[in-house]
Amino acid sequence: MKSIRDIYKIGKGPSSSHTMGPERAARLFLDRYAQATSFQVTLYGSLSKTGVGHGTDRVIREVLSPTPTEIIFSQDELQGSHPNTLDFIATKDGVELGRLRVESIGGGDIRLPGKRDSHSEEVYIEHSFAEIADFCKWRYIHTLSEYVELNEGSEIWDFLMDVWQTMKQAIADGLAAEGVLPGGLNVQRKAKFLLEQEPEEKHPGLLEFQRIAAYAYAVAEQNADNGTIVTAPTCGACGVLPAVLKYAQDTKGFSDMDIAQALAAAGIIGSLTKRNASISGAECGCQAEIGTACSMAAAALAELYGQDLDQVEYAAEVAM
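My aim in this report is to walk through the structure given alongside it, one point at a time. Bear in mind that the values here come from a model prediction, so they are computed numbers and not experimental data. (Residues numbered from 1 in each chain as written. Predicted model: local features only at pLDDT ≥ 70, side-chain atom pairs only at ≥ 80, totals over all residues. Heavy atoms only, no water.)

Moving on, we come to the packing of aromatic side chains. Both the distance between ring centres and the angle between the ring planes are used here to describe each pair of aromatic rings. All chains considered together, the criterion is met by 7 aromatic pairs. Summarising the aromatic geometry, the rings of Phe29 and Tyr33 are spaced 4.9 Å apart at their centres and angled 50° between planes, so their arrangement reads as tilted. Per residue, the accessibility class of Phe29 equals that of Tyr33, and both read buried. Between the aromatic rings of Phe135 and Tyr147, the centroid separation amounts to 6.0 Å while the plane-to-plane angle is 70°, which identifies the pairing as edge-to-face. Highlighted residues: Phe135 in helix α4 (residues 129-138) and Tyr147 in helix α5 (residues 144-152), separated in sequence by 12 residues. Given the relative accessible area of 0%, Tyr147 is considered buried. (Phe/Tyr/Trp six-rings, centres within 6.5 Å; stacked < 30°, edge-to-face > 60°. Buried < 20%, exposed > 50% of the residue type's maximum accessible area, 1.4 Å probe, protein only. Helix = DSSP H or I, 4+ residues; strand = E, 2+ residues; numbered from the N terminus.)

Here it is as C-alpha cells:
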C-alpha cells in the first residue's frame, strides 16, 4: 500500500485531474525553465474540452505568472496518449529553450511519457485492515497513528501538520468569501450565510449540524473557486474531513498534533479504499468519494477519542 501522502494532496481545486495535475506539471516545467520570457501550453483531450469550466487555464497561468503564457485548446487527437495530456514550450527572446509533454493521470498525479513512475513504490506491506490489526497486535501497537509513524517515519507529522494548516485555511477563506462561484451556473456561496444564521429553535443538535455544514461548505466552495484545498480523498469530497476535525478541535480542545494523528488514521482508511476498491467517482459514483470521506472522518474521530483498532474499523465501516 502506498504512503498516505498519496491520499492527501495540497493543490488547486476543483479537479485532481484538471487542476491539481496541470498545476504540478506547470510547476515542474517552471522549475526547469525559470529563465523563459514566454510559455505556450497546449491542452488535449478532456483538458481541452472541459478545461475552461474546470479552470485549467486559470491555474496554469497563475503558476507561470508573470511570464506571458499562451494556452491552446487543441482539438487534435493524440493516438496512444492519455486523455489528459499537456504540451509545454518555453522560449526566451523568441528562441525555444525546451519542451515537455505531461499526462495528468488522475488523483493529482502526473506522468512523463516514457519515464518510470517514481511514486509507485509501496510503503506498507499490509493490504487490508485485518492484516494491519494482526500486525499491530503482534507488535503491541494500539493506534493507527503509531502504525503510520512506524512505516512512514517521524517526518510524516510535519507533512500532516501542513495538511491540517491548509485545511483550516480553506475553512477560514471559505467562510470569509461571498458572491457567485465560477462555472456559469450562477451558484451563490452559502458557507458564510449558513454560519451566520440564527435558527429559531436553539436545539444543540441543530446548531452543531449548522456549524459543521458551514465548515464543509466553506472548503467545498473554495474547491469550486480554484482555491487551495487538500484531497481527502478527492477534490470532490474535500470538505467532509476538515469540517469534522475543525468542529472537534473547536469544541473539545484537541491540539494540532492530536488532529495530525487523526489524519494519519483517516489516511490509512483512504489508502485501503483506494487500493482495494476505488475512490474515483468516475468508476464507482459518489459513494466512492463521499462514502470514503465519511469513513475517513469516522476513523479520525475514533482515533481522537482513544478507541481501539476494532472500534476504528467498525466506525469506518458504518460511516461508509
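On to the packing of helix α12 (residues 286-304) against helix α13 (residues 309-319), then. Two elements in contact, α12 and α13, have axes whose closest approach is 7 Å; the angle formed by their N-to-C orientations is 150°. Taken together, the axes of α12 and α13 are roughly antiparallel relative to one another. α13 is crossed by α12, and the crossing has right-handed handedness. From α12, Cys294, Ser295, Ala298, Ala299, Ala302 and Glu303 reach across to α13, where they touch Val312, Ala315, Ala316 and Ala319. Residue composition of the contact of α12 with α13, grouped by class: 8 nonpolar, 1 polar and 1 charged. (Axes fitted to C-alpha atoms, helices over the stretch in contact; angles between N-to-C directions. Parallel < 35°, antiparallel > 145°, perpendicular 65-115°, else oblique. Left-handed = near helix turned anticlockwise from the far one by under 90°. Contact = heavy atoms within 4.5 Å. Nonpolar A, V, L, I, M, F, W, Y, C, P; charged D, E, K, R; others polar.)

Glancing now at helix α6 (residues 156-176). Spanning 21 residues, α6 covers 30 Å between terminal C-alpha atoms, matching the ideal 30 Å at 1.5 Å per step. Among all positions of α6, only Ile156, Trp157, Phe159, Leu160, Val163, Trp164, Thr166, Met167, Ala170, Ile171, Gly174 and Leu175 are buried. (Expected span 1.5 Å × (residues − 1).)

Further remarks concern the nonpolar core. One finds Tyr8, Leu160, Met167, Leu241, Leu245, Leu263 and Ile268 to be the most contacted residues of the largest nonpolar core, which totals 51 residues. When contributions to this core are tallied by element, the ones reaching two or more residues are α4, α5, α6, α9 (240-252), α10 (256-276), α12 and α13. By residue number, the principal contributor to this core is α10, which donates 10 residues. Setting aside residues no more than four positions away along its own chain, Leu241 makes contact with Tyr8, Met167, Ala232, Leu263, Ala266, Met296, Ala297 and Ala300. Counting 20 residues, the second-largest nonpolar core is a separate cluster that includes Val41, Ile60, Ile71 and Ile110. (Core = buried A, V, L, I, M, F, W, Y, C linked by side-chain atoms within 4.5 Å.)

Moving on to α12. In this model, α12 (19 residues) spans 27 Å end to end at C-alpha, consistent with the 27 Å of a helix rising 1.5 Å per residue. One or two positions beyond α12, positive phi appears at Gly306, with a value near 75°.

On to the sheet that holds strand β5 (residues 95-106). In space, the 5 strands of this open sheet follow the order β3-β2-β4-β5-β6, with mixed pairing throughout. A strand with exactly one partner marks an edge of an open sheet, and here the two such strands are β3 (69-73) and β6 (109-111). Put simply, the sheet's adjacent strands are angled 25° from each other on average, direction ignored. Along the sheet, helix α1 (residues 16-32) contacts β2 (38-43), β4 (85-92), β5 and β6; its crossing angle with β5, the most-contacted strand, is approximately 150°. Against the sheet, helix α2 (residues 45-54) contacts β2, β3 and β4, and its axis sits at roughly 120° relative to β3. (Pairing = 2+ DSSP bridges.)

To continue, consider the side chain of Asp57. Within the fold, Asp57 resides in helix α3 (residues 56-64). The exposure class of Asp57 is buried, given its relative accessible area of 15%. Those residues within four positions of Asp57 in sequence are excluded, and the remaining contacts are Gly51, Val52, Ile71 and Phe73.

Further remarks concern the pattern of salt bridges. Tallying each qualifying case throughout the model produces 17 salt bridges. Note that Lys9 is salt-bridged to Asp6, the shortest N-O span being 3.1 Å. Owing to a relative accessible area of 14%, Asp6 belongs among the buried residues under this scheme. With a shortest N-O distance of 3.0 Å, Lys246 and Asp250 are connected by a salt bridge. With Lys246 and Asp250 both in helix α9 and 4 residues apart, this pair spans about one turn of that helix. Connected through salt bridges with shared partners, the residues Asp6, Lys9, Arg24, Asp109 and Lys274 form a single ionic network. (Salt bridge = Lys/Arg side-chain N within 4 Å of Asp/Glu carboxyl O.)

Without other data, these values stay purely geometric and don't point to any function.
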